[in-house]
Every structure is written in structure tokens, then in C-alpha cells.
Amino acid sequence: MGRSFEIARPLLDASGGVVGYGPGADSVVALLVTAVAYALLVPRRVHGDLALGVLGGVGLLVPASFGLVWWSAAVAGMLVAAVALGRAAWSRTPTESVFRVLLSGAFVSYAVLIGAGRAEVVAAVLGSVVLLGVGVALAVRAGARGRDVGAGSLVVGLVALGPAVWLGLLAADADVTTQVRASLLVAVVLCLVAHLIARAVPGYGFYALGVAVAVVVSAPLWSLPGSDPVVYYAAAALVLVVALMPAPTVRANGPAVVLVPAILPALALLGLTFTDVAVVVFEPWTAATDIWSDVAPVQSPVAWSSVIAIAVAGVAVALARLLTFPRPATQKATAEEAVAEKAAAAEAGRATAPRGGVLARTLAPFVALLVPLVLAAAAVPWPAMPIAALVCGLLGVTAAALTSARRISTDLAAVLCGVLAAAGAAGSLAGHGATIAAFALVVVASAVVGVAGAGAVARVTGWTAGSVALVVVAYTVGDLIDRGPAAPVSVLVAGALVVALEAVLRSRRPAEADAPFVVAHSAALIALLLADSTSWAAHVLRLWALVLVVRALRPRESRAVRSGYGLAASALTLISWWLLLWERDVETAEAYTLPAALLALAAGWLARRGRPELPSWSAYGPALAATFLPSLAVIAYSASDDPQYLRRLLLGVGALVVLLLGARARLQAPVVTGGGVLILVALHELVQFWDLVPRWVPLAVGGLLLVGIATTIEQRRRDLARLKGAITRLS
């Protein structure tokens, strides 16, 4: 045996020759005589196994004893293995078959190792294994050893088919690619065999299916040596896995027995096509780093093999979904099954869908991805690919949003199409025209979703995306014009249109109006930030205040909402006024504070109108503070060479007017504030007058005042008490 191994080397390149002469034919005779002696000593029941052992020894000795060619040892080994397997197949008990199966396996291994010296020899040995294994399995399919010896023989025989074909082609000097393609054909044959065996010999169905699945899902591995793209074989593996699903064995055990192993070729396909898919899904985002450069971004090439493989995989997934789709109720075997199916669907809260809808939802992500992939593979100039990705993504998202029944497949398709649409929109940012076209498409699709979307979430998302896209279009148009205030004004116009949309939604679908409201005011803020001068910032504020005033005039609007819009418009107008004053270097404090005081006064009046119990300090305190405090501060810190006569006079008059109006309206805040400011002004004037009169005059006046107060102290105390009570009673 050792001599046989030596001559059968090197592997697949043995030079040939005879095994060599051993001890001669007398060694075979000695073995037979010894076997006869043992047969006389051992029980009769083991004579068969003894004979197999002797046959094995003869098979090992004959090639060397008679100087036969080296490959004759492989032939002898296969003969011994065939006899041993035949004996094992007709064993009465599993115990009897153990030795025979082990002996058969040992000699098959021996024959394969010897035959490995030449490709044609080992191919012939493996072909013999295929015939022997399948033949024994079919012969004992109904016997006692069908489930163990027969099933094992079938598995070994089917597994040997692939290596036999590969090595046979190697012996015929075929190239590696031809061998890989032949292996794919072997995988197809194994799938057909699995179908046939599952129907003809159901007991072997699971074993044949296991071999077929193992060979099919390993296609990405055994196809690596060939020159064909491996992704083709990964896609073909998915198709073959789906082709196994109608087999009775799969129907009996569930589709998971073939779908779970299919994860391997699926992952291989994802990994092999990731670079090309990234050209469509991820590479367009690089355009966002060079917005509106009007320079076409560099687009990486895409292999057609990836396009074809993804298309084939999409077909496979769609077929798998159809095969796992439950039969319609009209096709149920019994009426009871149909009723049970409908009840289960109603309890789960899902609607039954036609097969066409299922097929469309399954194929949608693949079709959406394939269209831009085809354009990228064809090297179509920019921006065809990102625009195509955007259109396909928007169609998928819109279709999902219009679908009333919520399913995992629908949501998954919507997410994938949304990612594709986002990539397409990002890829269009390199040029003004492409950006305008892309986001105009987003506006149209979002409007459709907002109007006819099946769910509230979908509609709100549609209004939000459409509003943002409209602002982007307006900003892009303004930047393209590139003339002075074009950008902020265009964005402001877009914001006004979104406000109009918000007003319409507020009347018909109030729950959906919040998103456009936020987008509109965000657009106004963007327009303000885009203003390149203080004067234009003031213009933007005034224009937006006008928009808010018009919005407040919506019919059937509540008083509180109208008041809020009015105050917001007034505040914007006030800020714009301040900006204009600041640009013109106006330094008079009252020019800034009095408009703010008037606005605070209006807000307080509206607040007390709705809440009469509101204290006057809360309603009018801010307005009074804005009116008097800045002027008091200016007067207090004025220099001696700037006496502020007019400001002091007007401040005193204003304080007196506020005091009188507060007393007339019986409001505590105006009375106290006006009186306090009037006293402060009087004290300030008194201090200013102090230095202008002789020193004895103030002393004399002060003495007279003290005498007068002392003589009427009780009356003054009663007057102060009445004044305190009157002020306290004011609201």
C-alpha cells in the first residue's frame, strides 16, 4: 500500500508505472489460508465480515504482488468498497452495518488518495462513487437500511458529483473558467435531482435538498478561481435557492430551510456590489461639498456585472415573495380554511393584497436602484444619474405614502427609496439648474403626498418636505440671479407661499398646519440672515410683518390668534424701525423707546381686554418703564453743558398726562408711575433752581413750610391716609 502511494505522487501529476513487486502471489495464498483457519475458529455469524476483511486484504496485496499499474490499486479499492457497501445495505440491524460501512468508507478514501495521482483517475473514482452511492440508495430505498445506509450513500454520491466533473474537465485540459461554469451546471442538476427525489423517494428528499443547498449557497466560494465575475454566481445561487422552494420537502419543512442558508450568497452579492451601489447612494453626497460650482462632479464607473446581478437578485426576491405569499381564500382546500384565513387576517389587523401588489412592492426598490445604476454604467453625463435616482426614489416614496395598508415591505421600500431620493437631491447640488429641477420635483411629489397621503404622518412629512424644497428652489433662483437683494426677497416670497399653505391647512386640516408654520418662519429668518445690509434687513422685516398682517385676516380666525399675529407684525415693524435708526446714526433715545412703549401699551391693553382681572402693573408696567426710564436716565447722566431743557419739559408733561389718564381710568400703575416721575422731575428742577437764587431764600421757604406743616399736621396725616386708600383702591 505504501508503494502505491509513492507511485501516485506528485498530486495530479504522477508519471505512471507499476506498483512494484512485493512478496509475490504466495502472500495472497497465505492470507487466504489464514482466513480459512480463522473461519474454523470464529462463529458462523461473523463469517461474512471475515470474508470482507479478507477481500480488503486481497485488494491491497494484489497490485503489488502481481506488478500491476499504479491506478489498479484504486480500482481494487473501489471494488472492495462496493462489495462492503452492498453488504452493509442488506444488513438486518444497524450494528451489523457499522463495520461494513466503515470498511467501505476506508477503501473509498484509499481509492481517492491513490487516484489523486492523475486527474482522470480520481475523476473516474469519484464518478464511480456517484454511481455507487446513488445506486445503493435507490436499491435499498424501501429496505431496512434505507434511512441510514441508503441516505448516507445518497449524500456521498451527490457530493462527489461536483468534484468528479471538475477533475474530469481538468483532465481534459479545460480552463478554470470552464470548470466553474460546469460546476454551476452541476448545481442546477443537483437542484433538479432534489426535486425528483423529493417526489419519487420522499424519504431521501431532505438529504438531497441539503446537498443541493450546500452546493448552491457555496457558489460565491467555488467560483472565485474563474474569470467570470463572482457576483454572477451569487445571483445565480439566489435564483437556484428560490427554485428549490416549490419542492415538497421545502413545503413540508417551511421555506426557512432554504432561505436561511441563502444569507451567504446574499451577503456575498451585497459585498461584491457595494462599491457600485455606493456610486448611486453615497457618492452623490460629495457634490454637497462644492455647491453650485456648475462643475460636473466626477462619477465613478459602474460594472455591468453588478447591474445584471442586482436585476437577477431582484427577480429572485420577487419570486421568493410570491412563493411564500399565502394562497387566496378562493384557492383554499376547504371552506373552513378560507374562513380561518380571513379571521386570522382580520385579527392581525392586516388587509389582504393581490399578488400583483406584493410583486410591485418587492420589485420597487430594485427597479428604483437599477435605473440610476444603468445610467452610471452607461457613463451618461451628469446630472442624468442623480436626477434619475431622485425621480425613482420619489416615485417609490409617493407610492408608499398613498398606500393605505401598512406593511413591513411597504415601509422598507419607502425607506430605501427615500435614501435613493436624498442621494439624488444631494447629487444635483453641483449646479443651479440641476438643483432647481431636482427640488421642483420634490415640491411636486410632496404636494401629491400632502394632498392624497394615506396617513397623517405621511401628509405632514409631505408638507414639510415640500415647504423646505420650495424654499431651496427660491434661494437657488435668487443666487442664480445674483443681483442685490434677489436671494432674500426670493426666499421671503417662498416663505409667504408657505404661509398661505399654512392658512389653508389651518382651515381644513389643523393638525397638519404646524409643519408649514415652522418652515415659513424659518424661511423668513433665513431671508433676514441673507440680507447684505441693515436697510435690506429692515425691508425684510417690514415685508414679513405685512405677510403676518395678511395672515391675521384669515376668515374665521380667533381673536387671540389675530392679536398674536398683530403683535408679531408690530414687533417686526419696531425692529425694522430700530435698524433704520441705527443705520442713520440716530442717537435720540426716545426715537427707539417710544415705539416700543406704544407696542407694549397695545399688548397690555389687549391683555386686559381678554383678562379684566389682570393688574395694571402687569398690563402697563412694561410700557410705562419703556416710556420714562430711558429719558430719566438720559437726564440724570446729562452733562452740565447739555441741560436737556426740552426733554425735561416733555418728560414732565408726559408724566402729568399719564397721571391724569390713570386717575381717570382708575389704574394704579399709571397714577403711581406718573406721579413718581413728576416728583422726580420736580426735584430735579428744584435742584437746578437751587443754585440760581440767594442762599437765604431756600432757608426762608423751608422754614415757612415747616411752620405750615407743623400747624396742620393732623390734617396732613388725614390727607395722606385718604391718598393712600385711594391709590390702594385703584386697579
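All values derive from a computational prediction rather than experimental measurement.

Novice: Please clarify how the confidence of the model for the protein chain should be interpreted in this entry.
Specialist: For the protein chain, per-residue confidence averages 81 on the pLDDT scale, and 80% of positions sit at 70 or higher. Taken as a whole, residues 329-334 scores under 50 in pLDDT and shows 7 contacts with residues more than four places along the chain or in a different chain. Contacts for the low-pLDDT stretch residues 345-352, under 50 throughout, to residues beyond four places or in other chains number 5 contacts.

Novice: Is there a simple way to think about helix α23 (residues 514-530) in this case?
Specialist: Each full turn of the α-helix corresponds to 3.6 residues, which orients residues three or four apart in the same direction. The end-to-end C-alpha distance of α23 is 24 Å, a good match for the 24 Å that 17 residues give at a rise of 1.5 Å each. Of all the residues in α23, the buried ones are Ala515, Pro516, Val519, Ala520, Ala523, Ala524 and Ala527.

Novice: I keep staring at the packing of helix α8 (residues 176-200) against helix α11 (residues 230-244) and nothing clicks. Help me out?
Specialist: When two helices pack together, their arrangement is captured by the angle between the axes and the distance separating the axes. Two elements in contact, α8 and α11, have axes whose closest approach is 10 Å; the angle formed by their N-to-C orientations is 10°. Between α8 and α11, the interaxial angle falls into the category roughly parallel. Contacts between α8 and α11 involve Val180, Arg181, Leu184, Ala187, Val188, Cys191, Ala194 and His195 from the former and Tyr233, Ala236, Leu240, Ala243 and Leu244 from the latter. Broken down by class, the residue content of the contact of α8 with α11 amounts to 11 nonpolar, 1 polar and 1 charged.

Novice: Is there a simple way to think about the environment of Pro284 in this case?
Specialist: Locating Pro284 in the fold gives a position in the loop between α14 (263-281) and α15 (304-324). Sequence-distant contacts of Pro284, that is, excluding residues within four places in its chain, are made with Ala278, Val279, Met385, Ala423, Ala426 and Gly427.

Novice: Teacher, can you tell me more about unusual backbone geometry here?
Specialist: Negative phi values dominate among residues other than glycine, just as trans dominates among peptide bonds. Each neighbour pair has its own omega, and for Trp382 with Pro383 the value is 5°, a cis peptide bond. Among the secondary structure elements, Pro383 is positioned in the loop between α17 (355-377) and α18 (384-402). Even without being a glycine, Asp173 presents a positive backbone phi close to 65°. By the element assignment, Asp173 lies in the loop between α7 (146-171) and α8. The exposure class assigned to Asp173 is exposed, which follows from its relative accessible area of 70%. Here Asp294, not a glycine, exhibits a phi torsion of approximately 60°, which is positive. Mapped onto the fold, Asp294 is located in the loop between α14 and α15. Looking at Asp294, the relative accessible area reads 52%, which means it is exposed.

Parameters at a glance
- Residues numbered from 1 in each chain as written.
- Predicted model: local features only at pLDDT ≥ 70, side-chain atom pairs only at ≥ 80, totals over all residues.
- Heavy atoms only, no water.
- pLDDT = per-residue confidence, 0-100.
- Contact = heavy atoms within 4.5 Å.
- Helix = DSSP H or I, 4+ residues; strand = E, 2+ residues; numbered from the N terminus.
- Expected span 1.5 Å × (residues − 1).
- Buried < 20%, exposed > 50% of the residue type's maximum accessible area, 1.4 Å probe, protein only.
- Axes fitted to C-alpha atoms, helices over the stretch in contact; angles between N-to-C directions.
- Parallel < 35°, antiparallel > 145°, perpendicular 65-115°, else oblique.
- Nonpolar A, V, L, I, M, F, W, Y, C, P; charged D, E, K, R; others polar.

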